[in-house]
Amino acid sequence: MRMAGLFLLGILGLFAYAGAGMAGETDKTAPGNRVVVMKELLKDLPPEDRAEFVNHLVLGNGRVVSTYIAPLKSALPKDRVIKILDSITPHSSASRKKPPENAGASSRRLVQLADLLEGVPAGVRNEFLDSIVLKDGAVVSAYVGGLKKVVSKKRLTRILGSIFPSAVKSPEVAPKSLCGNGWCDDSACTQRNDDPWRCLHKDDWTCDMSCGNQ
């Protein structure tokens, strides 16, 4: 993993960075339903800074464990940085639990998105990074239409297997979605009205089965 020269802020160090800025703040969103789309969350960042930030996310078992905060600090006020980091931090006990003992090696190791996407054209890479959906700090959905055109099926499977937690039973899915390997193809993590979050049909998207975990 290429991390030389990068200042990485571990999630456990979030509150040390936040300091008094977190005092008195409360999150009214239920921990299990904290859903963010990277492009929307980072809409006040220039595209190049947004891409740099998301590209250097480090995932452990599909959940954000560390991140490079220089792009945030250089462009945004401290309170905004704190809110962004809090939005991508796993908060629920379910999201912080260890992976099952029989989980595959790919679900136990740390992985940086920059390593997974090495050599992918910048436009396709950034489109993918912008589309990433996090639910309580775990990757649950992403647009893969561009990736399908520039990487092999084997590599795409390796990328998805490295970023998704795939640790719970499958939720109800639309008939057009093909599920396997812990995720559903042509499906996105979606909530309609007040229904629970679940994988529903959407062309060229992929949805992790943990989307339906409440």
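Residues numbered from 1 in each chain as written. Predicted model: local features only at pLDDT ≥ 70, side-chain atom pairs only at ≥ 80, totals over all residues. Heavy atoms only, no water.

A.B. asks: Can you help me understand the overall build of the chain in this one?
C.D. replies: Helix and strand counts for the chain stand at 11 helices and 10 strands. For the chain, buried positions account for 47% of its 214 residues. Taking the contacts inside the chain whose residues are at least 6 apart along the sequence as the reference set, 66% of them involve residues at least 24 apart. For the chain, the computed accessible surface area is about 10800 Å², with 53% contributed by carbon and sulfur atoms. (Helix = DSSP H or I, 4+ residues; strand = E, 2+ residues; numbered from the N terminus. Buried < 20%, exposed > 50% of the residue type's maximum accessible area, 1.4 Å probe, protein only. Contact = heavy atoms within 4.5 Å. Areas by Shrake-Rupley, 256 points an atom, 1.4 Å probe, with all protein chains shown as cover.)

A.B. asks: Is there a simple way to explain the pairing of strand β4 (residues 63-68) in this structure?
C.D. replies: Every other side chain in a regular strand lies on the same face of the sheet, so the side chains alternate between the two faces. Along β4, five of the six residues are buried, which leaves the element largely enclosed by surrounding structure. The pairing of strand β3 (residues 58-60) with β4 spans three bridges and is classified as antiparallel. When the bridges of β4 are listed, Val58 appears paired with Ser66. Once β3 ends, the chain turns through two residues before running back antiparallel as β4, passing Asn61 with a positive phi of about 55 degrees. (Pairing = 2+ DSSP bridges.)

A.B. asks: What am I meant to see in the environment of Trp205 here?
C.D. replies: With respect to the secondary-structure elements, Trp205 resides in strand β10 (residues 198-208). A sequence separation of 60 residues divides Trp205 from Gly145, and the C-alpha atoms of the two residues are 6.8 Å apart. For Trp205, the residues in contact, after removing those within four places along its chain, are Ser131, Val133, Ser141, Ala142, Tyr143, Val144, Cys184, Asp185, Asp186, Ser187 and Ala188.

A.B. asks: Where do I start with unusual backbone geometry in this structure?
C.D. replies: One non-glycine residue, Asn61, adopts positive backbone phi at about 55 degrees. Counting through the fold element by element, Asn61 comes out in the loop between β3 and β4. Under the relative-accessibility criterion, Asn61 is labelled buried at 10%. One non-glycine residue, Asp136, lies in positive phi territory at about 50 degrees. Its place among the elements puts Asp136 in the loop between β6 (133-135) and β7 (138-143). Judged by its relative accessible area of 1%, Asp136 falls in the buried class.

A.B. asks: Is there a simple way to explain the side chain of Ser162 in this structure?
C.D. replies: Looking at where Ser162 falls in the secondary structure, it is placed in helix α11 (residues 153-163). A distance of 2.8 Å separates a polar atom in the side chain of Ser162 from the backbone oxygen of Arg158. (Polar contact = N/O pair within 3.5 Å; in protein donor to acceptor, adjacent residues only side chain to side chain.)

A.B. asks: Hey, could you run me through the nonpolar core in this one?
C.D. replies: In a soluble, globular protein the nonpolar side chains are often hidden away together inside. Judged by nonpolar contacts, the single largest core of 38 residues is most densely connected at Phe128 and Ile132. Of all elements in the fold, only α2 (38-41), α3 (47-55), α5 (78-87), α8 (113-116), α9 (122-131), β7 and α11 reach the threshold of two or more residues within this core. Cys189, Trp197, Cys199 and Trp205 belong to the second largest nonpolar core, which has nine residues in total. (Core = buried A, V, L, I, M, F, W, Y, C linked by side-chain atoms within 4.5 Å.)

A.B. asks: How should I be thinking about the pattern of salt bridges in this particular structure?
C.D. replies: Applying the stated criterion to the full structure yields six salt bridges. The salt bridge involving Lys148 is made with Asp186; its shortest N-O contact spans 3.9 Å. Of this pair, Lys148 sits in helix α10 (residues 145-150) while Asp186 sits in strand β9 (residues 183-190); the two residues are 38 residues apart in sequence, bridging distant segments of the chain. We classify Lys148 as partly exposed; its relative accessible area is 40%. Across the salt bridge formed by Lys148 and Asp204, the nearest N and O atoms sit 3.4 Å from each other. Within this pair, whereas Lys148 is found in helix α10, its partner Asp204 is found in strand β10, the two being separated by 56 residues in sequence. (Salt bridge = Lys/Arg side-chain N within 4 Å of Asp/Glu carboxyl O.)

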